[in-house]
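# Topology and contacts: notes
Here's the letter readout for the chains.
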Amino acid sequence: MGAMADPMWRGPNERAGLGGARGEFPDGADLPPEVTRRGLLQILGASAALAGTAGCSRGPPEDIVPYVNQPPEVRPSIASRYATTMSLGGYGIGMIVESHEGRPTKAEGNPRHPASLGALGTFEQASVLSLYDPARPKEITFRGEPATWEAFVSAITAPQPPGKRLHVLAEPTGSPHVADLVRRVRRRGDVVVHFWTPAARTNAWAGSRLAFGRVVEPRWDFSKADVVVSLDADFLAAAATPFAWARAWAARRRMASPADTMSRLYVVEPRLSVTGMAADERLAVQARRVREVAIALLRGVLALGVGEQPGLEAARRASASAPPSPHDAWAGAVARDLYAHRGAGLVVAGDGQPPEVHALAHAINEALGNAGSSVSYGPSPVFEAGEDSHDPALLLGAIDRDEVGALVVLGGDPVYTAPADFEMERRLARVPTTACLGGRTTRTGQACGWFLPELHFLEAWGDGVAFDGTPSIAQPLIRPMIEGKSAAQVLAALAGAPGATTRGLVEDYWRAAATGAFEDFWQTALVSGVAGPPAPHADGPAVGWADVARIASREPEVRAGLEVVYFADAKVHDGRFADNGWLQELPDPVTKLTWDNAVLVGPATAAARKLESSDVVDLIVRGRTVRAPVLVVPGVAEGVAAIAVGYGQGVADRVSYGVGADAYRVRDSRGLWFDDAELAKAAGSWPLALTQEHWSMEGRPIVLRETVAAYRARPDFARPRDARSPSLYGLWPAGVRQWGMSIDLNACTGCSACVVACTAENNVPVVGKIGVARGREMHWLRIDRYFSGAPEAPAVVVQPMLCQHCEKAPCEYVCPVNATVHSSEGLNEMVYNRCVGTRFCSNNCPYKVRRFNFFNYAADKPASLRLAMNPDVTVRARGVMEKCTYCVQRIEEAEIRARREGRPVADGEVVTACQATCPTGAIVFGDIADRSTRVSRSMENGRLYQVLHELGTQPRTRYLARVVNPNPELAAG
């Protein structure tokens, strides 16, 4: 193992189904007849959700075997932390992973890494669970039978017949040492390497080539943007995006005082997204009409006069002559706002939009002088981004011409994820020798002759590059749990080094690339998690205005009928995380749907087609059909049916089996992100497991929302809802720490990263779809989402809701066994050994933040899944009430360390799991009795209020009301 993370900044982070088989419960157990053992085992495969026998059994005893020679860095009961890197789509995210006696249990963000800045998203938080998935393939096979690495290398490196070559299909990568191996393999002359993934950024790369004549990637700096326009770009989602974007955007929304400036966010999109929920002004349009809005924006900006550049006049004339759009008035108001903030605006385009929209966004930024200020450009960190190697047509053509003698698939599942017209399974069958490297059983792995288990990134050495070109090392935290290989090792075998280790490959590359003493560089890179500076900015790429003029002059694609919009899911991405129970049970940030995807339609579209939520429909695209449920969601544009990809995978005995509908079955390469479609209502219904079905506050002041103008006119508008009621008792004992939390609703986006972090930190069990449908989800932290206004263009507010740790907690008064008590430090504590499950406390809680453990979810858990559990947190048995504890285990560890060192606990030393992972830094925790702490200072804001203040519960968790910044011109219109 490598070096631990730098102790200088470890302080704040140094912390330490449902049911069962029918015979496992007594007669009369509350189990539906459709629950089978196979169904339960599917949920068990990558979650903590297998129920045990009746009663409170804690599982069989285990033997504890001490170390013969204890490693010097291992301290029993005290966690170690190591910096590493997780890559997704070719972009690296820096992490600090907690290890207990050699087993990783919890991931945090690396404060020194530019993409994370200490935060993490849903996928990174849940990555630890995937490591311990008991259903991971464990051995190399050939046609289903065990085989050896030597036999595979011999078969795959054998000379190809005349006219045929070995082809490799890999996922896009930014790994420097993997890119070097690709170059070495290609030098053989008989190997062709391709890159493909269903969520590749090919549109963005093609858009920069259109605008600049070469491939560069924009580096957005939201901290310098007074006005942000999103053209279908969900940059605030904590899923496959750099969290630095959300952190910088939130920094401009803090409003610590009425005198502060606040940025304004416009969003144009076909379906409601996390970024759309945070918008000050939002326009819901079909995806194909986003281009119209972009042209109207360009027309409005150029009409205001932005100086002269070569070819700009032609673009001005072309945009002026473009056909009028029904959204011209909206776009005109936005253009005037952008023009008023020249050099401090920002227009961003989403990866699902065609290259023309990306080129228009670059042109608008260039015209307004944003380039070099709020946006700069640099080379893509993805290897050969924008080159022909990312064009799948080259591989398909080679297969059709019988030029492929062998095909090795390194990661991904192209048989499942490739567009339907690729017919990958049929084409794969034409290749004489096929092999697949995968971390789980996939359809591609089943279709290939050879299958190699892939090492998890926490089991193998590697490296990665952040969105800005910053390199970092990925060091493992555990010895491989399977007989697997990495993609780099397979490439090394093709390059003539079949015996290479993952560490050897990484070290060899960086030994040659490092300047100065290698050992010094290596130790610094491992400890800090950063292996060098970011890539330099590109030298002022100039917009080709003649090409922009041609784009602006094209006739818009205005077609009647329904449009299907595909999107990568916030929980399973492109399907690679579908076997992760934590993510499957995570409520979608917008829809609150779990264990499913659905065809999302707006209220107007649903009414026109007489559809209701849970109705079954056939979605028909280019003659292909997929059957799926309907979910009516406000904010989806009229004429749009949106569906997430990554579900309905169809591999038996996996968590993902039978979960959702396979949207890839109808996805066509001619319409990768949106296409013409038809909806036909089918018979029956499809039950959906939603965690929030009602979205109105019914006039209650739960989430306070005000405009920035009203806030400045009345800075203390929320204060009346924070006043403490008279009491005969003192507030709290003098000289004793009092823990409290504030959550800034201006910064919270509802991304739900905190929910997964809480699950990982506190051993929260997974209950499965049936359990969620019955309201038995166990999350200690939820994100409430409310709509107001017109259903087609709703205003949306979100609010994290957890135990409020009330000063006068209603739960404490009614517990007959004194299981829920108040500590001297103000925590509302749960004593599990006393709890007998009366649930009086839950009935008396006005915030509904308590969860009753109906089953012993921890019993009979496979040994590998037990390794994922945090030993600092009690694993609860059946029949007790659970809730947020403010991560009391982290509080206790900090207090013990402070006592040992003879000092007080420092402000910021205790960081809760939700606070640590929050991409926007919306959550602040600390001692509210000390007026100098950050949490106390945040509570001096006039936006501070208590939820349900009128009940007099006096919660310790308080909120800063949301302030929005609408455009007065649009409001007047």
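A short tour of the structure in this document, coming up. Not measured: the values here are computed from a predicted model.

### Overview of the overall build of the protein chain
Looking only at helices and strands, the protein chain has 31 helices and 38 strands in total. For 973 residues, the compact-globule estimate of 2.2 N^0.38 gives 30 Å, and the protein chain sits close to it at 28 Å. Expressed as lengths along the three principal axes of its C-alpha atoms, the size of the protein chain is roughly 85 × 70 × 70 Å. Relative to its 973 residues, the protein chain shows a buried fraction of 63%. Taken as a whole, the protein chain presents about 35,000 Å² of accessible surface, with 54% of it coming from carbon and sulfur.

### Digging into the nonpolar core
Phe222 and Leu231 are the most contacted members of the largest nonpolar core, which totals 232 residues. Excluding anything up to four places from it in sequence, phenylalanine 222 contacts Val228, Phe235, Trp245, Ala248, Trp249, Arg252, Leu346 and Val348.

### What about unusual backbone geometry?
One non-glycine residue, glutamate 423, lies in the positive phi region at around 50°. Tracing the backbone through its elements, the reader meets glutamate 423 in the loop between helix 13 (414-417) and helix 14 (424-429). Judged by its relative accessible area of 40%, glutamate 423 falls in the partly exposed class. Of note in the backbone geometry, lysine 848 takes a positive phi value of approximately 55° without being a glycine. Classification of lysine 848 as partly exposed rests on a relative accessible area of 42%.

### A short note on the sheet that holds strand 15 (residues 433-438)
An order of 5-4-16-15-14-6-7 is seen for the seven strands of this open sheet, with the pairing classed as mixed. Edge strands, defined here as strands with exactly one partner in the open sheet, are strand 5 (145-146) and strand 7 (191-195). Pairing geometry for strand 14 (residues 404-410) and strand 15, over five bridges, is parallel. Paired with alanine 406 across the bridge in strand 15 is threonine 433. Contacting strand 6 (165-170), strand 14, strand 15 and strand 16 (450-453), helix 16 (residues 487-494) runs over the sheet at an angle of about 150° to strand 14.

### Let's talk about the side chain of serine 864
Here serine 864 shows up in helix 27 (residues 863-866). Serine 864 gets classed as buried once you look at its relative accessible area, which sits at 17%. The residues contacting serine 864, other than those within four sequence positions of it, are Tyr132, Asp133, Pro134 and Met481.

### Describing the environment of proline 242
With respect to the element layout, proline 242 can be found in the loop between strand 9 (227-231) and helix 6 (243-251). The spacing of proline 242 and alanine 119 is 123 residues in sequence and 9.5 Å in space, taken between C-alpha atoms. In this view, proline 242 contacts Ala115 and Phe467; residues no more than four positions away in its chain are not counted.

### Focus: the packing of aromatic side chains
What the rule picks out here adds up to 23 aromatic pairs. Put simply, the rings of Trp461, Tyr509, Trp510, Phe518, Phe521 and Trp522 touch in pairs and so form one group of aromatic residues. The lysine or arginine in question, arginine 342, covers the ring of tyrosine 339, its NZ or CZ lying 4.1 Å from the ring centre. We note lysine 485 situated over the ring of tryptophan 149; from NZ or CZ to the ring centre the distance is 4.6 Å.

### Details of the packing of helix 8 (residues 290-303) against helix 9 (residues 312-321)
Between helix 8 and helix 9, the least distance of the axes is 9 Å, while the angle of their chain directions is 125°. By the criterion of interaxial angle, the relationship of helix 8 to helix 9 is oblique. In this structure, the crossing between helix 8 and helix 9 has a hand that is left-handed. In this structure, helix 8 contributes Leu298, Arg299 and Leu302 to the contact, and helix 9 contributes Leu312, Ala315, Arg316, Ser319 and Ala320. By residue class, the composition of the contact of helix 8 with helix 9 is five nonpolar, one polar and two charged.

About the criteria used
Each residue is numbered by its place in its chain's sequence as written, counting from 1. Given that this is a predicted model, residues contribute local features only at a pLDDT of at least 70 and side-chain atom pairs are listed and counted only at 80 or more, while totals for whole chains, interfaces and linings are drawn from all residues. To get the side-chain values, all heavy atoms of the structure are used, and hydrogens and water are removed first. Secondary structure elements follow DSSP: runs of H or I of four or more residues count as helices, runs of E of two or more count as strands, with numbering from the N terminus. Taken over C-alpha atoms, the radius of gyration is set against a globule rule of 2.2 Å times the number of residues to the power 0.38. Only protein chains enter the area calculation, which uses a 1.4 Å probe; residues under 20% of their type maximum are buried, those over 50% are exposed, and those in between are partly exposed. Surface accessibility follows the Shrake-Rupley procedure with a 1.4 Å probe radius. Residue values consider only the protein chains on display as shielding. Side-chain atoms within 4.5 Å are what join buried Ala, Val, Leu, Ile, Met, Phe, Trp, Tyr and Cys residues into a set we call a nonpolar core. Contacts were defined at the residue level, with two residues in contact if any of their heavy atoms lie within 4.5 Å. Paired strands, as defined in this entry, are two strands with at least two bridges between them according to DSSP. Axis definition: a line fitted to C-alpha atoms, over the contacting stretch in the case of helices. Angles run 0 to 180 degrees between N-to-C directions. Centres within 6.5 Å are what make two rings of Phe, Tyr or Trp a pair, Trp counting through its six-membered ring; a difference in plane orientation under 30 degrees is then read as stacked, over 60 as edge-to-face, and the rest as tilted. We call a charge positioned over a ring when the NZ of a Lys or the CZ of an Arg lies within 6 Å of the ring centre and within 35 degrees of the ring normal. An angle below 35 degrees is treated as roughly parallel, one above 145 as roughly antiparallel, one from 65 to 115 as roughly perpendicular, and anything else as oblique. Put simply, a crossing is left-handed when the front helix is turned counterclockwise from the back one by less than a right angle, and right-handed when it is turned clockwise. For this classification, the nonpolar set comprises Ala, Val, Leu, Ile, Met, Phe, Trp, Tyr, Cys and Pro, the charged set comprises Asp, Glu, Lys and Arg, and every other residue, Gly included, is treated as polar.

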